[in-house]
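# Topology and contacts: notes
Residues per chain are reported as follows:
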Amino acid sequence: MLSKKVEKALNDQVKMEGNSSNYYLALACWADMNGFSGVADFMYKQSDEERFHMLKLMKYVIERDGEVVVPAYDQPKVNITTATGVFQDLYKHEIAVTESINKLVGICLSENDYTTHNFLQWYVSEQLEEEATAKTILDKIKLMGDDKSAWYHFDRDIAGLTVTSIADPGQKA
Ligand code: FEO
């Protein structure tokens, strides 16, 4: 059985993951409208992944006999003008999600809820991977600078990448 405090914190994270999914959808649409079809595909996949993160949390709350609140999404505020900006935003966003997961883990510990603490370790690892991915992409972008040919290849190649395949080159999607 979940404490009310943990239940609320999990529902807050459900909302954050749902908003993340919507946010990446907005980044995907920006890329799609601006001719970066590979970046758009990558972001559409990211959006699906965030929805999966949300559903995983919801199912856990239900499994523990808690009450899930299906969240209303905030309209994503996307204020970018370049493809570089898309990935800078992604990185900033993932750092914020990591902070939120860490806070949630802290609440579980303060409530002596070691079962939820254990469940959340999957999210802790996932965040490590997502931040590393975003950082790797930003490093590549820095190297490319304004080289249009490099951007062309980057856009073509990124469509085939998943978070896991970038973090672990041995596991191509
Ligand atoms: Fe579900 Fe990228 O955080």
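Residue positions are given per chain, counting from 1 as you read along its sequence in written order. Thresholds applied to this predicted model are a pLDDT of at least 70 for local features of residues and 80 or more for the giving and counting of side-chain atom pairs; totals over whole chains, interfaces and linings are not thresholded and use all residues. Computation of side-chain values: all heavy atoms of the structure, hydrogens and water removed.

## Section: the packing of helix H1 (residues 4-33) against helix H2 (residues 37-63)
Two numbers describe how H1 lies on H2: the axes approach to 8 Å, and their chain directions differ by 165 degrees. Taken together, the axes of H1 and H2 are roughly antiparallel relative to one another. For the element pair H1 and H2, the recorded crossing hand is left-handed. Here the contact of H1 with H2 is composed, by residue class, of 17 nonpolar, seven polar and four charged. To define axes, lines are fitted to C-alpha atoms, for helices over the stretch in contact only, and angles between the resulting N-to-C directions are given on a 0 to 180 degree scale. Strands are runs of DSSP state E lasting at least 2 residues, helices are runs of H or I lasting at least 4, and numbering of each runs from the N terminus. For this classification, under 35 degrees means roughly parallel, over 145 means roughly antiparallel, 65 to 115 means roughly perpendicular, and everything else is oblique. For any pair of crossing helices, the crossing counts as left-handed if the nearer helix is rotated counterclockwise from the farther one by less than a right angle, and right-handed if it is rotated clockwise. Here the nonpolar group is Ala, Val, Leu, Ile, Met, Phe, Trp, Tyr, Cys and Pro; Asp, Glu, Lys and Arg are the charged ones; every other residue, Gly included, is treated as polar.

## Looking at helix H3 (residues 83-110)
Expected helix span is computed as 1.5 Å times (number of residues minus one). Spanning 28 residues, H3 covers 41 Å between terminal C-alpha atoms, matching the ideal 40 Å at 1.5 Å per step. One or two positions beyond H3, positive phi appears at Asn112, with a value near 55 degrees.

## With respect to the layout of surface pockets
Grid points spaced at 1 Å and placed over the protein atoms alone form the basis of the search, with a cavity being a set where a 1.4 Å probe fits but cannot get out and a pocket an open set showing protein on both sides within 12 Å along at least five of seven lines. Lining residues have an atom within 4 Å of a point. Grid points are joined across faces, edges and corners, and a volume is the space filled by probe spheres set on the points. Its boundaries defined by the atoms lining it, the largest pocket holds a volume of some 220 Å³. The element best represented in the lining of the largest pocket is H1, accounting for five residues. Its residues placed into classes, the lining of the largest pocket shows three nonpolar, five polar and two charged. For the second largest pocket, the calculated volume is near 160 Å³. Together, Ala9, Asp12, Gln13, Met16, Ser100, Lys103, Leu104 and Ile107 line the second largest pocket. Class assignment for the residues of the lining of the second largest pocket results in four nonpolar, two polar and two charged.

## Overview of unusual backbone geometry
Trans is the prevailing form of peptide bonds, just as negative phi is the prevailing case for residues other than glycine. One non-glycine residue, Asp65, adopts positive backbone phi at about 65 degrees. Structurally, Asp65 can be placed in the loop between H2 and H3. Positive phi, normally seen in glycine, also occurs at Asn112, with a value near 55 degrees. Considering the arrangement of structural elements, one finds Asn112 in the loop between H3 and helix H4 (114-144).

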